[in-house]
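# Coordinate analysis (summary)
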Amino acid sequence: MFKINGIEMSSPTGCTWQLSDLSSDESGRSTRDGSMLKDIIAQKRTLNFTWTMLSWVEASKLANFCKNKGAVVMLTYPDIMSGGYMTGRFYTGDMSADYSLWIDETQRVTNVSCSFIEM
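Residues numbered from 1 in each chain as written. Predicted model: local features only at pLDDT ≥ 70, side-chain atom pairs only at ≥ 80, totals over all residues. Heavy atoms only, no water.

### So, the nonpolar core
Filter applied, for reference: The term nonpolar core refers to a set of buried residues drawn from Ala, Val, Leu, Ile, Met, Phe, Trp, Tyr and Cys, joined through side-chain atoms within 4.5 Å. A 1.4 Å probe rolled over the protein chains alone gives each residue an accessible area, and that area as a share of the maximum for its type sets the label: buried under 20%, exposed over 50%, partly exposed in between. Starting at the N terminus, helices and strands are each numbered in turn, a helix being any DSSP run of H or I of at least four residues and a strand any DSSP run of E of at least two.
One finds Phe 2, Ile 4, Trp 51, Leu 62, Leu 75 and Phe 116 to be the most contacted residues of the largest nonpolar core, which totals 19 residues. Elements that contribute at least two residues to this core include exactly strand S4 (40–55), helix H1 (56–67), strand S5 (72–79) and strand S7 (106–118).

In structure tokens:
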């Protein structure tokens, strides 16, 4: 479903896509009648990915992309607004995972989540 720096990653269980407006300092309710003046200077996407379960190796690969050495990545993802795949420069938000199954050779983490915020 998506790639980080050109490398395919395990498909997430879920993904939340968000589009945010960035407004200029002149935006706001500054008129006498309370009308809203909105000067949008940019729109940026945030993608929140979740995985129900990943192997230790998959989770480690994701963690190293997301939180190691600057955490700025090129993300390829399906974009609902463009109607197709896009590649853009993103920084990573918080990442979390639960150590769930740790028996012999079976090492799994669950409830993995990571956010990508467009730069």
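### Notes on the pattern of salt bridges
Rule in force here: The salt bridge criterion pairs a side-chain nitrogen of Lys or Arg with a carboxyl oxygen of Asp or Glu, the two atoms within 4 Å.
Inspection of every chain in the model, using the stated rule, returns two salt bridges. Across the pair Glu 118 and Arg 45 runs a salt bridge, and its minimum N-O distance is 3.8 Å. Of this pair, Glu 118 sits in strand S7 while Arg 45 sits in strand S4, placing them 73 residues apart in sequence. Arg 45 carries the same exposure label as Glu 118, and that label is buried. One network of salt bridges, in which partners are shared, links Arg 45, Asp 79 and Glu 118.

### A few points about the confidence of the model for the protein chain
The following threshold applies: A residue's pLDDT is the confidence the predictor assigns to it, expressed on a 0 to 100 scale.
Here the protein chain averages 87 in pLDDT, while 95% of its residues score no lower than 70. Put simply, H1 is where the protein chain has its lowest mean pLDDT, 86, and S5 is where it has its highest, 94.

### Description of unusual backbone geometry
Phi at Asn 5 takes a positive value of approximately 50 degrees, unusual for a residue other than glycine. Relative to the helices and strands, Asn 5 resides in the loop between strand S1 (3–4) and strand S2 (7–8). Despite not being glycine, Asn 111 shows a phi value in the positive range, around 50 degrees. For Asn 111, the position within the fold is in strand S7. Accessibility expressed as a relative area gives 47% for Asn 111, which makes it partly exposed.

### Points about the side chain of Asp 79
We apply this condition: Pairs of N or O atoms within 3.5 Å make up the polar contacts considered here, provided that, within protein, one atom can donate a hydrogen while the other can accept it, and that residues adjacent in sequence are counted only when both atoms are side-chain atoms. Contact between two residues is taken to exist if any of their heavy atoms lie within 4.5 Å; hydrogens are not considered.
Position of Asp 79 among the secondary structure elements: in strand S5. A distance of 2.8 Å separates a polar atom in the side chain of Asp 79 from the backbone nitrogen of Ser 82. Sequence-distant contacts of Asp 79, that is, excluding residues within four places in its chain, are made with Trp 17, Arg 45, Gly 84 and Met 86.

### A short note on the packing of aromatic side chains
As a reminder of what qualifies: Stacked, tilted and edge-to-face are the three classes applied to pairs of Phe, Tyr and Trp rings, where Trp contributes its six-membered ring and a pair requires centres within 6.5 Å; stacked means planes under 30 degrees apart, edge-to-face means over 60, and tilted covers the rest.
Within this structure, the stated rule accounts for seven aromatic pairs. Consider the rings of Phe 49 and Trp 51, whose centres lie 6.0 Å apart with planes at 35 degrees: the pair is tilted. Of the two residues, Phe 49 and Trp 51, both sit in the buried class. Ring geometry for Phe 49 and Phe 116: centres 5.6 Å apart, planes at 75 degrees, overall edge-to-face. One end of the pair, Phe 49, is in strand S4; the other, Phe 116, is in strand S7, with 67 residues separating them in the sequence. Side by side, Phe 49 and Phe 116 carry an identical accessibility label, which is buried.

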